[in-house]
Amino acid sequence: MRLPRAIKLSVLALCWALYSTVASAQATTRSHSDPRPAAHAAKRTGPIAVDGRIDESAWAAATPIGELIQSFPNEGKEPSEKTEIRILYDEAAIYIGARMFDSLGPKGVKAVLTRRDALLNGGNLTSDQIAFVFDTFRDKNSRSWFQLNPLGVKGDHKDGDTSYDPVWDGASHIDSLGWTAEFRIPFSQLRFSRATEQVWGMQVWRTTDKKNEQDMWAFWRSNEAGGPAYFGTLDGITVASQPRQIEIVPYVTSRATMARVASNDPYHSNRQGVARAGGDAKLNITSNLTLDATVNPDFGQVEVDPASVNLSVFETTFSEKRPFFVSNSQYFSNGGFSCYFCNNVSSLNLIYTRRIGRSPQLAGLVGSRAQFMDATDATSILGAAKITGRTAGGLTVGLLDAVTNRETARYRLDGDATDHKQEVEPLANYFIGRVRKDFRNGATRIGAISTLVNRRLTNADEIARLRSRAGAIGFDIDHHWSNRTYAFNVQTALTNIAGDTSAIRRAQQSSARYYQRVGRTETTDGIFDTKFDPSRTTLSGYGLYARLAKESGDWRFEGIQNWRSPGFEANDMGVLSRADYKWMLANAVRQWTTPGKFYRNLWISAGAQTQLNYEGDHTDTDYHANVSATMPNFWNVGVFEIYHPSTFDERLTRGGPTAKRYGYQLIGANVSSDSRKSIVYGFNYNLSTPVDNSEGGRTAYHPYVTLKPTSSTSLTLSPSWDHDFTAQQFVTSFADPKAPAGFGNTRYVFGRLEQKTFSMDTRLNTTFTPNLTLELFAQPFLASGHYTNFKEFARPHSGQMTYYGKDNGSTIATGSNANGTTYTVDPDGNGAAAPFSFGSPDFNFRSLRGTAVVRYEYRPGSTLFFVWTQQRDGSAGFGDFDFSRDRSALFRDRPTNIFQVKATYWLGR
């Protein structure tokens, strides 16, 4: 069997990385002429009360650190305010005391009161802060982040994972000299090597909000790669053995649902309630590996997913919000995608944990047959466990296994009082295994991943529609050299699914590949055979992502390859929008990081991307440029342009032959004001104009404003308006032996869609104490779609279209029936083709989604939640956008109200 070119490239990449491991003589740390700073921790000799006041005599044993350097706005200069830091430790924890001097005393200190982690990602909430970041294994890739602001608001994350909520103590105090902060971080909440004498990487960040200033301890310039490889060192900590971590978090929850249901519904009432209990446990089974387990887990969301209208063939996905899966998710990270500027591309994502505990897959099928049905919204998870950590030899490990229960729906047929039952989700097991090994002090990392889904299928519908087994294996390299100036990344994956012939036939005919499409070129290549075969019981494919880039300096570049073979399928455990493509990108960048007369920093990039399918058709091409800058007044502005000529699209006809999709030219602009102000506002604007036709185009406005009337309250209003004309929107298809040649005796009907969408995201956050918060979210959403200019393609591999009622003697007539407007088309007038009819595809959709959450952390690690969620929605077929009519209808729609109370209690040491 010949190896596919993608696999050959990955093997060559591996050989090159291994050669670099041996041959590279360049150090990944800074040279001796520019050493990283060092700090020393002293043994705690007296009691310390973590009250934010650092007035205990024990702090005198620590050697103070104070040599910070400005990172922004005046890079490389001395800080405008002095900072003094002391670090102590004992057998159980590390202690940090920090004094942040302010020349204006307490008047110069700016702080906001908000919930934990709310200040981590920037945004429109700003505050004075002090943060300590540890690379406890000194692998030059890991970050454990802890921060406080002057009002004691905590923030923490692990390698960007904000779900990392270790149990630690912190407090702050504002006084006549500025403010102070104290940290006590138990060793049981950290992972580090087994060595008695610990040497950690460390970075310190201080934010002085009134001056929009950031100071750092281990300095790097903004045009350098930065990160843990540039951290300073913290030594002096002596730990005989890592403390044993044992945590148990039981929970109880009650849920009441209030919704108006049909009076003769035998399964539902207007008010329903349920209560449940369960728990999570955490245990470090070795000094570096942690076991997380859950029994009868509560994976209910307290934040609603946003509304959307999806008229494409691609799945809408949402971020994971369930605590068990989000926690320590960095150990399973795979499929990351990085680019300076790119669009219409997806990562090699093998993991999407929302597949576990998903809505039963056959509930919709059963519901389409029944008058009434009783089926759960989410599949029960009987249990789940994972092992995560890093060994002393530099091997990062992530193992996860979850078992979901068999789900059965009860239903009644129309006019039948008999209860029927059918399984709508089979018993299933989900497994993820991820390992990664560090070389060259973390400058080279080689990893592998495996996923496996097994289902026990019992009835005919399950056997015909679901795969009995789905697996994937992947390999990746992350290689840096020359002080991490240059980077080479490669990821490869092989996938295989197995099942009944009907299930695999569905996979072949899915929108990801359309094996059955007319005129498709088929290839035979062993296990990667792309021929449409209704008798298949397996399907295999491969994927590749590779990037070579310069990531430091004023001039940067990148080149990327991103491939998916036609048989690649990862949707049982991951996310795959489409297969059958070879995507390529090249970008060049010039940045200015030294402030000029009109900017503080400036970024300009330009590049191009193109894509081919495995038949050689160009299915995507664009040329793009981007300019963004921070202005002297700390406003941010940006402008970009994309030119996308007409290209082929083998999915446009949704199973028919390849056709040509019209191109477009897109101009976008954005501006945002200084985020430190009490009123912060911004504006995003997109304008798309058509290429090769006059029917397309789009205008989108997205203004927003954040009001901060007090230090503990913020209100964000974010309306958006999108007016979109889609020239080639698929409507339906009809069998017709007189259809034009090359269309497989089928007519594919398209229309011009005018779509209007309005939404208003509203968020109100009020914080009473750092441990007691109220959050409100509401999103009214209105959308309409009106179709005109019905037509079909004149021939395959062409953009020419035949308009009904205008070309080839065709006619189109409008009528009506009990279901609404209908269109009757005679595609050739007096010719031999038979007329056909279809209902109006016009639509109106409306929804209102909102949630209110009160969080109270009544003791460290223990939280009480009060949640109210409301959802109401409706639809119609008017097709026009009438704000007053649709708004009024929205508030007449029957709401579904869900009230939840949940309490957790942390037990640990």
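Residues numbered from 1 in each chain as written. Predicted model: local features only at pLDDT ≥ 70, side-chain atom pairs only at ≥ 80, totals over all residues. Heavy atoms only, no water.

**As for the overall build of the chain**
This is how the line gets drawn: Numbering goes from the N terminus for both helices and strands, where a helix is a DSSP run of H or I of at least four residues and a strand is a run of E of at least two. The globule rule is 2.2 Å times the number of residues to the power 0.38, and the radius of gyration it is compared with is taken over C-alpha atoms. Type-normalised accessible area, obtained with a 1.4 Å probe on protein chains alone, sets the label of each residue: buried when under 20%, exposed when over 50%, and partly exposed for intermediate values. Contacts: residue pairs with any heavy atoms within 4.5 Å of one another. Using the Shrake-Rupley algorithm and a 1.4 Å probe, accessible areas are obtained, with residue cover drawn only from the displayed protein chains. Charge assignment: positive for Lys and Arg, negative for Asp and Glu; neither His nor the chain ends contribute. One atom stands in for each charge, and that atom is NZ of Lys, CZ of Arg, CG of Asp or CD of Glu.
Assigned secondary structure in the chain consists of six helices and 47 strands. Taken against the 2.2 N^0.38 rule, which gives 29 Å for 909 residues, the C-alpha radius of gyration of the chain at 30 Å falls within 12% of a compact globule. Each principal axis of the C-alpha atoms in the chain carries an extent, and together these give about 100 × 65 × 55 Å. Here the chain holds 909 residues, and 50% of them are scored as buried. Taking contacts inside the chain between residues at least 6 apart in sequence as the whole, the part at least 24 apart equals 65%. Element-wise, carbon and sulfur atoms account for 54% of the exposed surface of the chain, whose accessible area totals about 38200 Å². Charge centroids of the chain, computed over 100 positive and 90 negative side chains, lie 1 Å from each other.

**Structural notes on the side chain of Thr-746**
Note the cut-off: Within 3.5 Å is the distance limit for a polar contact, defined as a pair of N or O atoms, with the added protein rule that one can donate a hydrogen and the other accept it, and that residues adjacent in sequence qualify only through two side-chain atoms.
Checked against the element boundaries, Thr-746 lands in strand S38 (residues 746-769). In this structure Thr-746 comes out as buried when scored by relative accessible area, which is 16%. A polar atom in the side chain of Thr-746 sits 3.1 Å from the backbone oxygen of Gly-744.

**Topic: the sheet that holds strand S41 (residues 811-817)**
Convention followed: By the convention used here, strands pair only if DSSP detects at least 2 bridges between them. Orientation is described by lines fitted to C-alpha atoms, with helices fitted over the stretch in contact, and by angles between N-to-C directions that extend from 0 to 180 degrees.
The sheet built from three strands is open, its strands ordered S41-S42-S43 with antiparallel pairing. Across the chains shown, the open sheet's two edge strands, defined by having one partner strand only, are S41 and strand S43 (836-839). Neighbour-to-neighbour, the strand axes of this sheet turn through a mean angle of 25°, independent of strand direction. The sheet contact formed by strand S42 (residues 820-826) and S43 spans four bridges and is antiparallel. Residue Val-825 lies in a different strand from S43, and its bridge partner there is Phe-836.

**A short note on the sheet that holds strand S20 (residues 407-412)**
With antiparallel pairing, the three strands of this open sheet are ordered in space as S17-S20-S21. Strands at the two margins of the open sheet, each flanked by one partner only, are strand S17 (372-374) and strand S21 (420-425). Sheet twist, expressed as the mean angle between neighbouring strand axes with direction ignored, is 30°. The pairing of S20 with S21 spans five bridges and is classified as antiparallel.

**Things to note about the packing of aromatic side chains**
Where we set the bar: Side-chain rings of Phe, Tyr and Trp, where Trp is taken by its six-membered ring, are said to pair if the distance between their centres is within 6.5 Å; with planes under 30 degrees apart they count as stacked, over 60 as edge-to-face, and otherwise as tilted. Either the NZ atom of lysine or the CZ atom of arginine qualifies as a charge over a ring when it sits within 6 Å of the ring centre and within 35 degrees of the ring normal.
A full pass over the atoms with the stated rule returns 38 aromatic pairs. Judged by centre distance (5.6 Å) and plane angle (5°), the rings of Trp-168 and Phe-183 are stacked. Of this pair, Trp-168 sits in the loop between strand S8 (154-158) and strand S9 (169-175) while Phe-183 sits in strand S10 (residues 178-186), placing them 15 residues apart in sequence. Here the two residues Trp-168 and Phe-183 agree in accessibility, since each one is buried. Between Phe-192 and Trp-200, the aromatic rings sit 5.8 Å apart at their centres with planes inclined by 35°, giving tilted as the arrangement. Taken individually, Phe-192 and Trp-200 each receive the classification buried, so the pair is uniform in this respect. Every member of this aromatic cluster is reached through a ring pair, and the members are Phe-132, Phe-134, Phe-146, Trp-168, Phe-183, Phe-187, Phe-192 and Trp-200. Of note, Arg-676 hangs over the ring of Phe-634, and the distance from its end group to the ring centre comes to 4.9 Å. The ring centre of Phe-878 lies 4.1 Å from the NZ or CZ of Arg-885, which sits over that ring.

**Some details on unusual backbone geometry**
In this chain, Phe-72 is followed by Pro-73 through a cis amide linkage whose omega measures 5°. On the secondary structure map, Pro-73 appears in the loop between strand S3 (69-72) and strand S4 (83-89). Positioned with a positive phi, Arg-654 is a non-glycine residue whose angle comes to about 55°. Tracing the chain through its elements places Arg-654 in the loop between strand S32 (647-649) and strand S33 (659-661). Accessibility expressed as a relative area gives 29% for Arg-654, which makes it partly exposed. Here the phi dihedral of Asn-789 falls at roughly 50°; this positive angle occurs in a residue that is not glycine. As for its placement among the helices and strands, Asn-789 is situated in strand S39 (residues 772-793). What makes Asn-789 partly exposed here is its relative accessible area of 28%.

**Topic: helix H5 (residues 501-508)**
Looking only at H5, the buried set comprises Ser-502, Ala-503, Ile-504, Ala-507 and Gln-508. Among the structural elements, helix H4 (460-465), strand S25 (486-498) and strand S26 (538-550) are those in contact with the buried residues of H5.

**Looking at the pattern of salt bridges**
Working definition: two side chains of opposite charge can pair if their charged atoms are close together. Test applied: For this document, the term salt bridge refers to a Lys or Arg side-chain nitrogen within 4 Å of an Asp or Glu carboxyl oxygen.
Applying the stated criterion across every chain, the model contains 42 salt bridges. A salt bridge links Arg-517 to Asp-580, with the nearest nitrogen and oxygen atoms 3.5 Å apart. Taken together, the residues span a long stretch of sequence, with Arg-517 in the loop between H5 and S26 and Asp-580 in the loop between strand S27 (555-564) and strand S28 (581-592) at a distance of 63 residues. Taken individually, Arg-517 and Asp-580 each receive the classification buried, so the pair is uniform in this respect. Lys-756 is the partner of Glu-754 in a salt bridge, and the nearest nitrogen-oxygen pair spans 3.8 Å. A network of salt bridges, in which partner residues are shared, links Arg-455, Arg-467, Arg-513, Glu-569 and Asp-572.

**A look at the confidence of the model for the chain**
Low pLDDT marks regions whose predicted coordinates should not be analysed in detail. This is how the line gets drawn: Scored from 0 to 100, pLDDT records how confident the predictor is in each individual residue.
For the chain, the mean per-residue pLDDT works out to 89, and 93% of the residues sit at or above 70. For residues 1-34, every residue scores under 50 in pLDDT, and the model assigns this stretch 52 contacts once sequence neighbours within four places are set aside. Within the model, pLDDT remains below 50 along residues 299-305, and this stretch shows 23 contacts once partners closer than five positions in the same chain are excluded.

**Digging into the side chain of Asp-139**
You can see Asp-139 is positioned in the loop between strand S6 (129-135) and strand S7 (144-148). At 2.8 Å, the side chain of Asp-139 and the side chain of Ser-142 are in polar contact. At a separation of 3.2 Å, a polar atom in the side chain of Asp-139 contacts the side chain of Arg-390. Not counting residues up to four positions away in its chain, the partners in contact with Asp-139 are Arg-390, Asp-438, Asn-441 and Gly-442.

**Focus: the pairing of strand S34 (residues 663-672)**
Relative to S34, strand S31 (residues 636-644) is paired through nine bridges, and the arrangement is antiparallel. Of the residues in S34, the one forming a bridge with Phe-640 is Gly-668.

**Things to note about the nonpolar core**
For the record, the criterion: In these notes, a set of buried Ala, Val, Leu, Ile, Met, Phe, Trp, Tyr and Cys residues joined through side-chain atoms within 4.5 Å is what counts as a nonpolar core.
In terms of nonpolar packing, the biggest core is built from 34 residues, with Phe-134, Phe-183 and Leu-234 touching the most fellow members. Broken down by secondary-structure element, the contributors of at least two residues to this core are S4, strand S5 (93-101), S6, S7, S10, strand S11 (197-208) and strand S13 (232-238). Here Phe-134 is in contact with Ile-94, Ile-96, Ser-142, Arg-143, Ser-144, Phe-146, Ile-185, Trp-200, Gly-201, Met-202 and Leu-234, once residues within four sequence places are set aside.

**Considering helix H6 (residues 883-892)**
To keep it simple, the criterion reads: Of all possible arcs, the one meant is that of the directions from the helix axis to the C-beta atoms.
Considered for burial, the residues of H6 that qualify are Asp-886, Ala-889 and Leu-890. The buried residues of H6 occupy an angular sector of 105° when the element is viewed end-on, so they sit on one face. Residues of H6 that are exposed and point over 90 degrees away from its buried face: Phe-891 and Arg-892. Buried residues along H6 sit against S39, strand S44 (843-859) and strand S45 (862-876).

**Considering the pairing of S8**
When you tally the buried positions in S8, you get five out of five residues, the bulk of the element. With burial as the criterion, each face of S8 is covered, one bearing Lys-154, Asp-156 and Lys-158 and the other bearing Gly-155 and His-157. Note: S7 against S8, five bridges, orientation antiparallel. Bridge assignment links Phe-146 to a residue of S8, and that residue is Asp-156. The antiparallel hairpin formed by S7 and S8 contains five residues in its connecting segment, where Gly-152 sits at a positive phi of about 80°.

**Considering the environment of Ala-813**
Take Ala-813: it is sitting in strand S41. Other than its neighbours up to four places away in sequence, Ala-813 contacts Thr-822, Tyr-823 and Thr-824.

**Quick word on the environment of Asn-334**
By the element assignment, Asn-334 lies in the loop between helix H2 (323-326) and helix H3 (363-369). Not counting the four nearest positions on each side in its chain, Asn-334 is found in contact with Leu-348, Asn-349, Leu-350, Arg-434, Ile-449 and Asp-476.

**Re a nonpolar patch on the surface**
Condition: Two joining distances apply to patches: 9 Å for like charges and 5 Å for nonpolar side chains (Val, Leu, Ile, Met, Phe, Trp, Tyr), and every residue must have over 30% relative accessible area and no salt bridge.
A cluster of nonpolar side chains, namely Ile-246, Ile-248, Tyr-856, Tyr-858, Tyr-905 and Leu-907, defines an oily patch on the protein surface of about 510 Å² accessible area. Elements with a minimum of two residues in the nonpolar patch: strand S14 (246-259) and S44. Residue placement: Ile-248 occurs in strand S14. Look at Ile-248 and you get partly exposed, because its relative accessible area is 44%.

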